[in-house]
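Observations on chain architecture
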Amino acid sequence: MKYRTIGSDPRTRREVSVLALGAMLFGSVTDEKTSFAVLDRYVEAGGNFIDTSDNYAFWADGGQGGQSEALLGRWRRSRGVGDEIVVATKLGARPLAPGTSYLDNPEGLSAKVIRESAERSRERLGMDRLDLLYAHIEDRAVPLQETVEGFAGLVAEGTVGLLGASNHAVWRVERARALAAAAGLPGYEVLQYQHSYLRPRTDLPEDLFPDGSLGHAGAELLTYLRAEPGPALVAYSPLLKGAYARPERLPRDYDHPGTPARLKALHEVARETGASAGQVVLAWQLGHELPILPLAGVSSVAQLEENLAAVDLELSPEQRARLDAAH
């Protein structure tokens, strides 16, 4: 395994494995026995960066979520896991009532919600301090200053370490970071967005983003990371939910004229390296000039093994240039 530092403050920064493990469906779609087996193998391979959320997976049973955090809590207790394993969780998108969702009834990002939701997450996970806590989605009904101060208060108390944001407009991330810096408060240091080798259209309206997706790591976010050396990008859905192995799963926003050329280059490099297309995608991210940590969820140990092998896959400069140039 290889590792990267996230965070700047010596009191809260962490060394994390470059391949993060997504636990979104653990305890719901993925049963406990399989989830424990995946977690055990991930840690055995040197992995120490696990991702969840307080709303995972509310859609599985029409509830409010919490199954993933609860399973991770049971696994931590049964294995005697301490702070050597970095657990990241999120708040803000938990439905306030069963049968609703983050679209029509989200918990939001008020100071009260931040405190209460973080406490629930700590209890489910069995952790005195959350290693990394994200604002899962935006809440424009709450003043940004209140959200910034709410998160910073938990860091000051020692119940949260690092802060992050996911699925936010880049201008909102920058404004929040500027407010925090001006007040001498900790701000967002980890940004979690969807990012893969194939490039999606971001102009298509979505339920959460009527003007086009804000959840993808597009040109604006990538240029922000080039200009701001501090934040790291945690890239969720790097394998597009299995679409590199099963093209019929490719989401509609990837159906555009630029996709075939990038797929052609990807499969050429896969043949040259003897790796799968998915492994090449992960290796491409891991060797990127920007600080990108792929976050991949799996439903079996076999899938995990394939992803782990990508950590040691080295792409040549020529292969990387060819992948980057395809469009």
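Quick caveat: nothing in here was measured; it's all calculated off a predicted structure.

A separate point is unusual backbone geometry. Each neighbour pair has its own omega, and for Tyr 56 with Ala 57 the value is -10°, a cis peptide bond. Examined against the element boundaries, Ala 57 turns out to sit in the loop between strand S4 (49–51) and helix H2 (58–61). Unlike most non-glycine residues, Ser 237 shows phi in positive territory, near 50°. As for its placement among the helices and strands, Ser 237 is situated in the loop between strand S9 (232–236) and helix H8 (259–273). Of note in the backbone geometry, Leu 240 takes a positive phi value of approximately 50° without being a glycine. Tracing the backbone shows Leu 240 in the loop between S9 and H8. Overall, Leu 240 belongs to the buried group, its relative accessible area being 4%.

As a further point, take the pattern of salt bridges. If you walk through the whole model with that rule in mind, you get 23 salt bridges. With its nearest N and O atoms 3.0 Å apart, the salt bridge here joins Asp 131 to Arg 14. Highlighted residues: Asp 131 in strand S6 (residues 130–135) and Arg 14 in strand S2 (residues 14–17), separated in sequence by 117 residues. Assigned by exposure class, Asp 131 and Arg 14 land together as buried. The partner of Arg 124 in a salt bridge is Glu 69, with the nearest N and O atoms 2.7 Å apart. Taken together, the residues Arg 124 in helix H4 (residues 111–125) and Glu 69 in helix H3 (residues 67–79) connect sequence positions 55 residues apart.

Thresholds, definitions, all that
- The written sequence of each chain sets the order in which its residues are numbered from 1.
- Residue-level local features of this predicted model are given only where pLDDT is at least 70; pairs of side-chain atoms are given and counted only at 80 or more, and the full residue set underlies all totals for whole chains, interfaces and linings.
- Note that water and hydrogens are dropped before the side-chain values are worked out from all heavy atoms of the structure.
- Working definition: helices are DSSP H or I runs of at least four residues, strands are E runs of at least two. Numbering for both runs from the N terminus.
- Note on classification: 1.4 Å probe, protein chains only; a residue is buried when its accessible area is under 20% of the maximum for its type, exposed when over 50%, partly exposed between these limits.
- The rule for a salt bridge is simple: a side-chain nitrogen of Lys or Arg has to be within 4 Å of a carboxyl oxygen of Asp or Glu.

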